[in-house]
Number of protein chains: 2
Amino acid sequence: MTRGKTPRRLHLNAFLMNTGHHEASWRLPESDPYAHVDLRHYVRLARIAERGTFDSLFLADGPQLWSNLAQRPAGALEPLTLLTALATATEHIGLIATASTSYNSPYNLARKLASLDIISGGRAGWNIVTTAGAEAARNFGLAEEPAHAERYARAAEFLDVARKLWDSWEDDTIVADKAAGVWGDDSRIHPARHQGTYFSVAGALNVPRSPQGYPLLVQAGSSEDGKAFAARYAEAVFTAQRTLADAQAFYADLKSRTGRAGRDPGHIKVLPGIVPVLGSTQAEARAAEQLLEDHIVYEHGVGRLESLLTLPAGTLKLDERLPSELPPESAIEGAKSRYTLVVELARRERLTVRQLIARLGGGRGHLTFTGTPEQVAGQIETWFTQGAADGFNIMPAVLPSGLDAFVEHVVPLLRARGLFRTEYDDPRQTLRERYGLPRPAHPYPTPAPALV
Amino acid sequence: MTRGKTPRRLHLNAFLMNTGHHEASWRLPESDPYAHVDLRHYVRLARIAERGTFDSLFLADGPQLWSNLAQRPAGALEPLTLLTALATATEHIGLIATASTSYNSPYNLARKLASLDIISGGRAGWNIVTTAGAEAARNFGLAEEPAHAERYARAAEFLDVARKLWDSWEDDTIVADKAAGVWGDDSRIHPARHQGTYFSVAGALNVPRSPQGYPLLVQAGSSEDGKAFAARYAEAVFTAQRTLADAQAFYADLKSRTGRAGRDPGHIKVLPGIVPVLGSTQAEARAAEQLLEDHIVYEHGVGRLESLLTLPAGTLKLDERLPSELPPESAIEGAKSRYTLVVELARRERLTVRQLIARLGGGRGHLTFTGTPEQVAGQIETWFTQGAADGFNIMPAVLPSGLDAFVEHVVPLLRARGLFRTEYDDPRQTLRERYGLPRPAHPYPTPAPALV
Ligand SMILES: Cc1cc2nc3c(=O)[nH]c(=O)nc-3n(C[C@H](O)[C@H](O)[C@H](O)COP(=O)(O)O)c2cc1C
Ligand SMILES: Cc1cc2nc3c(=O)[nH]c(=O)nc-3n(C[C@H](O)[C@H](O)[C@H](O)COP(=O)(O)O)c2cc1C
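Source: prediction; values computed, not measured.

Once that is clear, we can look at the overall build of chain A. Along its length, chain A carries 14 helices and 13 strands. Along the longest, intermediate and shortest principal axes, the C-alpha atoms of chain A span 80 × 55 × 45 Å. Within chain A, the fraction of its 452 residues that count as buried is 62%. In chain A, once contacts between residues fewer than 6 apart in sequence are set aside, the share between residues at least 24 apart is 77%. If you sum the accessible surface of chain A, you get close to 17000 Å²; carbon and sulfur atoms cover 53% of it. Computed over 49 positive and 51 negative side-chain charges, the separation of the two mean positions in chain A equals 2 Å.

Turning to the packing of helix α1 (residues 39-51) of chain B against helix α13 (residues 401-416) of chain B, a few remarks are in order. Packed helices, taken two at a time, are described by their axes: the angle between them and the distance between them. Residue and element names in this part refer to chain B. As a packed pair, α1 and α13 sit with axes 9 Å apart at the nearest point and diverge in direction by 10°. If you check the angle between α1 and α13, you find them roughly parallel. Two secondary-structure elements touch here, α1 through Leu45, Ile48, Ala49 and Arg51 and α13 through Leu403, Asp404, Val407, Glu408 and Arg415. Looking at side-chain class alone, the contact of α1 with α13 contains five nonpolar, no polar and four charged residues.

Further remarks concern the UniProt feature "binding site: FMN" (unreviewed entry) in chain A. The sites that carry the UniProt feature "binding site: FMN" (unreviewed entry) are, in the present numbering, Asp61, Thr98, His148, Tyr152, Ser222 and Ser223 of chain A. Note that Asp61 of chain A resides in the loop between β2 (56-59) and α2 (79-89). Excluding anything up to four places from it in sequence, Asp61 of chain A contacts Pro79 and Thr98 of chain A together with Arg111 of chain B. At a separation of 2.8 Å, a polar atom in the side chain of Asp61 of chain A contacts the side chain of Arg111 of chain B. For Ser223 of chain A, the position within the fold is in the loop between β9 (216-219) and α6 (224-233). Within the local environment of Ser223 of chain A, its side chain forms a polar contact with the side chain of His148 of chain A, the two groups lying 3.5 Å apart.

This part takes up the site of ligand 2. Residues and elements named next belong to chain B. Around ligand 2 there are 21 residues in total, and Asp61, His148, Tyr152, Ala220 and Ser223 lie nearest to it. Ala220 is positioned with one of its backbone polar atoms (N or O) 2.9 Å from an oxygen atom of ligand 2. Ser222 is positioned with one of its backbone polar atoms (N or O) 3.2 Å from an oxygen atom of ligand 2. For ligand 2, whose unbound accessible area comes to 610 Å², protein coverage reaches 85%.

This brings us to the relation of the copies chain B and chain A. The second copy of the chain is related to the first by a rotation about an axis and a shift along the axis. Its rotation angle being 180°, the transformation that places chain B on chain A also includes 0.0 Å of axial translation and leaves an RMSD of 0.0 Å. The transformation relating the two chain copies, once decomposed into turn and shift, fits a two-fold axis. When each C-alpha of chain B is compared by its distance to the rotation axis, Ala85 of chain B comes out closest, at 2.4 Å.

Attention now goes to the side chain of Glu23 of chain B. All names here are of chain B. Relative to the elements of secondary structure, Glu23 occurs in the loop between β1 (11-16) and α1. When its relative accessible area of 6% is taken as the criterion, Glu23 is described as buried. Sequence-distant contacts of Glu23, that is, excluding residues within four places in its chain, are made with Gln71, Arg72, Ile296, Arg304 and Gly361.

To continue, consider the interface of chain B and chain A. Contact with chain B, which involves 72 residues of that partner, is made by 72 residues of chain A. In this structure, Lys112 of chain B and Glu78 of chain A form a salt bridge, with 3.8 Å as the shortest nitrogen-oxygen distance. Seen at the junction of chain B and chain A, the total is 43 residue pairs in polar contact (both at pLDDT 80 or more). When residues of the side of chain B that touches chain A are traced back to their parent elements, those giving at least two are α2 (79-89), α3 (106-119), β5 (174-177), β6 (182-184) and β8 (200-201) of chain B.

Attention now moves to the site of ligand 1. All names here are of chain A. Lining the immediate environment of ligand 1, one finds 22 residues, of which Asp61, His148, Tyr152, Ala220 and Ser223 sit closest. At a separation of 3.4 Å, an oxygen atom of ligand 1 approaches a polar side-chain atom of Thr98. With respect to ligand 1, the backbone of Ser222 contributes an N or O atom lying 3.2 Å from an oxygen atom. Relative to its unbound accessible surface of 610 Å², ligand 1 loses 85% to contact with the protein. Those elements that place two or more of their residues in the shell around ligand 1 are β4 (124-129), α5 (148-166), β10 (236-239) and α10 (336-348). When the residues that make up the shell around ligand 1 are grouped by side-chain class, the tally is eight nonpolar, twelve polar and two charged.

With that settled, the discussion passes to the pattern of salt bridges. Taken as a whole, this structure holds 54 salt bridges over all chains when the rule is applied. With its nearest N and O atoms 3.1 Å apart, the salt bridge here joins Asp253 of chain A to Arg257 of chain A. Here Asp253 of chain A and its partner Arg257 of chain A are both found in helix α7 (residues 244-260), four residues apart, which amounts to about one turn of the helix. By relative accessible area, Asp253 of chain A is classed as partly exposed at 24%. Residue Arg286 of chain B is joined to Glu293 of chain B by a salt bridge in which the shortest nitrogen-to-oxygen separation is 3.8 Å. Take Glu293 of chain B: its relative accessible area is 15%, and that puts it in the buried class. Within this structure, Asp167, Asp171, Arg209 and Arg439 of chain A form a network of salt bridges that share partners.

Moving on to the environment of Ala192 of chain A. Residues and elements named next belong to chain A. With respect to the element layout, Ala192 can be found in the loop between β6 (182-184) and β7 (194-195). For Ala192, a relative accessible area of 7% gives the class buried. The sequence separation of Ala192 and Asn18 amounts to 174 residues, and the corresponding C-alpha distance is 38 Å. Not counting the four nearest positions on each side in its chain, Ala192 is found in contact with Lys164, Leu165, Val201, Ala202, Gly203 and Ala204.

Residues and elements named next belong to chain A. α5 packs onto helix α3 (residues 106-119) with a crossing angle of 55° between their chain directions and a minimal axis gap of 9 Å. By the angle class used here, α3 and α5 are oblique. α3 and α5 meet at a crossing whose hand is right-handed. Packed against α3, whose contacting residues are Pro106, Tyr107, Leu109, Ala110, Leu113 and Ala114, the element α5 presents Phe158, Val161, Leu165 and Trp166 at the interface. Across the contact of α3 with α5, the residue classes break down as ten nonpolar, no polar and no charged.

Of the residues in chain A, 96% reach a pLDDT of 70 or more, and the chain-wide mean stands at 93. For this predicted complex, the interface confidence reaches an ipTM of 0.93, while the overall pTM sits at 0.94.

Moving on, we get to the packing of aromatic side chains. Residues and elements named next belong to chain A. Counted under the stated rule, the structure contains 30 aromatic pairs over all chains. Measuring from centroid to centroid gives 5.7 Å for Trp126 and Phe158, while their planes differ by 55°, and the two rings are tilted. One end of the pair, Trp126, is in strand β4; the other, Phe158, is in helix α5, with 32 residues separating them in the sequence. Like Trp126, the residue Phe158 is buried in the burial classification. Note on Trp169 and Trp183: the rings are 6.5 Å apart at their centroids and 80° apart in plane angle, and the pair reads as edge-to-face. With Trp169 in the loop between α5 and β5 (174-177) and Trp183 in strand β6, the pair connects residues that are 14 residues apart, well separated along the chain.

Attention now goes to the side chain of Ser168 of chain B. Residues and elements named next belong to chain B. Topologically, Ser168 is positioned in the loop between α5 (148-166) and β5. Judged by relative accessible area, which is 0%, Ser168 ranks as buried. In this structure the side chain of Ser168 is engaged in a polar contact, spanning 2.6 Å, whose partner is the backbone oxygen of Leu165. Those residues within four positions of Ser168 in sequence are excluded, and the remaining contacts are Arg188, Ile189, His190, Ala204 and Leu205.

What counts as what
Residues numbered from 1 in each chain as written. Chains lettered and ligands numbered in written order. Predicted model: local features only at pLDDT ≥ 70, side-chain atom pairs only at ≥ 80, totals over all residues. Heavy atoms only, no water. Helix = DSSP H or I, 4+ residues; strand = E, 2+ residues; numbered from the N terminus. Buried < 20%, exposed > 50% of the residue type's maximum accessible area, 1.4 Å probe, protein only. Contact = heavy atoms within 4.5 Å. Areas by Shrake-Rupley, 256 points an atom, 1.4 Å probe, with all protein chains shown as cover. Lys, Arg positive; Asp, Glu negative; His and termini not counted. Charge placed at Lys NZ, Arg CZ, Asp CG, Glu CD. Axes fitted to C-alpha atoms, helices over the stretch in contact; angles between N-to-C directions. Parallel < 35°, antiparallel > 145°, perpendicular 65-115°, else oblique. Nonpolar A, V, L, I, M, F, W, Y, C, P; charged D, E, K, R; others polar. UniProt positions renumbered as here; feature names shortened; annotations may be inferred. Polar contact = N/O pair within 3.5 Å; in protein donor to acceptor, adjacent residues only side chain to side chain. Near = heavy atom within 4 Å. Least-squares fit on C-alpha atoms with pLDDT ≥ 70 in both. Salt bridge = Lys/Arg side-chain N within 4 Å of Asp/Glu carboxyl O. Left-handed = near helix turned anticlockwise from the far one by under 90°. pLDDT = per-residue confidence, 0-100. Phe/Tyr/Trp six-rings, centres within 6.5 Å; stacked < 30°, edge-to-face > 60°.

So this is what it looks like as structure tokens:
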């Protein structure tokens, strides 16, 4: 798995989410329940991640307010806005914003992402999502959520348009000849001229080509359509995998799909999510986990589970298992792969509804690595060296303390094992370069004038 | 014109535009032709304006790339993105972003503006524009620009939806009761439930109510529809006025319209744009202006003027006047009031096309105050005390030097005359408070529970 002389290095992304990924984290004495709307909280988190030489940080998002505000912090600063503020508070770390292809216009979104890439000096990334759920649809003039396949068809066309826009300026369009009074070279502008099924966009983008050409393209769909999309467009993939075997299968599948799509399989990085729960002994780590579980309000979880499984309210009983008859994944128009992950977890481990909620409360289906720093570093190494991951999406149960603990105690072990960078390389390295990916070449550069 | 004991104070807004408002400014030796995509340039400008205790700074915008890159810097960082970065580099100054009601969704834009208001601690403003021109329309799936009246009808509905969204959380929705496990009070959430002609938006915004309730609402339309819109919604108005008499008429008209719309006329602030060109003598100031005019490429200006006047290419001759037959304003679907302003200027001052271009090159129709600091301060005082302005939109011909000169030489005179603040008041004052406007009350707050 090593390439030539450079040892293969793992990539770490910090998935930031208000007071932490555990749904009860906001109830701990250390947590600030207003953290999710406080820039200082995110600045602090970004600086911890940068101290840990993480590749990037990431904000999830969806354009709807989930009902039931009682249960946990709701609402959030819009990710592109927040990440722009973080760009000025950090120097190296990549900034990955979630934005929906179903509920944005390509022109506006491409512009904002290019602006963030320029402002941050080449550190922008885009987590491309198609956004499940009728709640979001109804905030944008639709009565119901568009079908899953249609959302992905629109996403593909969205990416085609966005790339045309990002390539609408050649890298050297600006001439800046003051004496001649010529600022830019109009012949190096390539209007999008796109006429498609979902979009028609005529012009060029109103911002020059950005340091990375375009933001790092990240994706997290795990359905068939989602994986096909990732193979075609994504440069990094977030995924929820619960066992080493599942993760290996997913990894191999995605790399081979990417090859079949005509791309270099090395140019898609697979990052499973993990929720590290640390203690200086295994018992201490387990106690930290138990403390969080004790703060879960289980009644809240039941309603959420019923809605995920498309069951009528009142179907599930806390101390019983899931009903044996459940709809097949093909009948789900929302988050298909999440549905299957949850059902399989419950079946495989024969969990009651209460136990299932406790397991999901910690990371919504992502794998929890509970133990000492050595144990967690060991699990990371195993997954990384056994063909399950190119890196990890680190989802601390409690923030900032969980990220701080990971940086203080796990990162040094990963460095000592030669798995992870000890410092950032060239400070002008872009996010894409940090992930070991090439800058996209401009597709139709004007040839340099012949010397006469 | 004084209210009680507080002397009436003027308001200053810095209109930032790459290397300056003069179209030839980028050609001066001091100018950086890449400034428009350099965050440091804008940070520097924002800090100069803050040193001058300006109320706010402002970025114009349109979602299209104007062709003819040869003539001047084109493309720009998206304003909301750039202003978020500036929020972290400044402490007091208001941040006014232009965004279009014709080419955005209310849900996304309301969310971003609320996020900026939270991140900046209550310093966000929105310059509401309807966006003229087919170029923009064609970037958003339309073949032609929507009719002027239709754009304003959509703008009004957009504002209604946006305010419903900004009011969808009461101010005290967050309960944060850790012991009881209750984070928020669902009964204080008011979904938009909007079904209209242009928009249907069901849910609540996914961000809490911001410090100002919602951003300061600014507008700059000068047509009949534009003024009617301003009277109904705007709290500050940017306008291009060329004579004291015109400005007085506009001021009186807008205040009385605002009263007729059922609002307090004191709650709309009128800010004409001025291009200050300074010199330590009048001759020096005139020489600075001449230097800029000498850098204009007049051939570029002809095409722009023909397109504004909807004339076929080749109609205008540089050393002749405008043709006597021109279409009436009612036939113009683009920027109606700008059309009229330009035609009237040319007719009133009997300008040749070349002279007209020179006059427009400096501030695109805004008034140029050329002279010594004393003269410029005097003109400002006259307009302010003679019922023509509540403050000014300062549009330096060259940036940063023109803003710096204004802050160094004119602001102290305005302060000495008691017309302008000498320092920022309470550091936690919001932008709206700085403009002397009340915070919008929540329209349907839940009554406090009765004490039992
Ligand atoms: C780590 C991770 C983060 C995700 N973040 C988001 C998000 O911010 N917004 C969103 O709508 N979906 C998010 N998703 C969901 C995926 O984009 C996708 O919709 C989901 O995995 C279901 O896959 P499918 O769409 O292919 O059915 C995330 C998924 C994972 C694994
Ligand atoms: C100082 C000033 C700034 C303006 N900024 C913008 C802008 O950023 N984007 C835009 O589309 N229009 C801008 N406008 C144009 C107005 O919004 C409006 O379209 C124009 O005055 C024509 O008025 P009408 O739309 O009522 O016909 C600006 C106008 C003025 C006076």
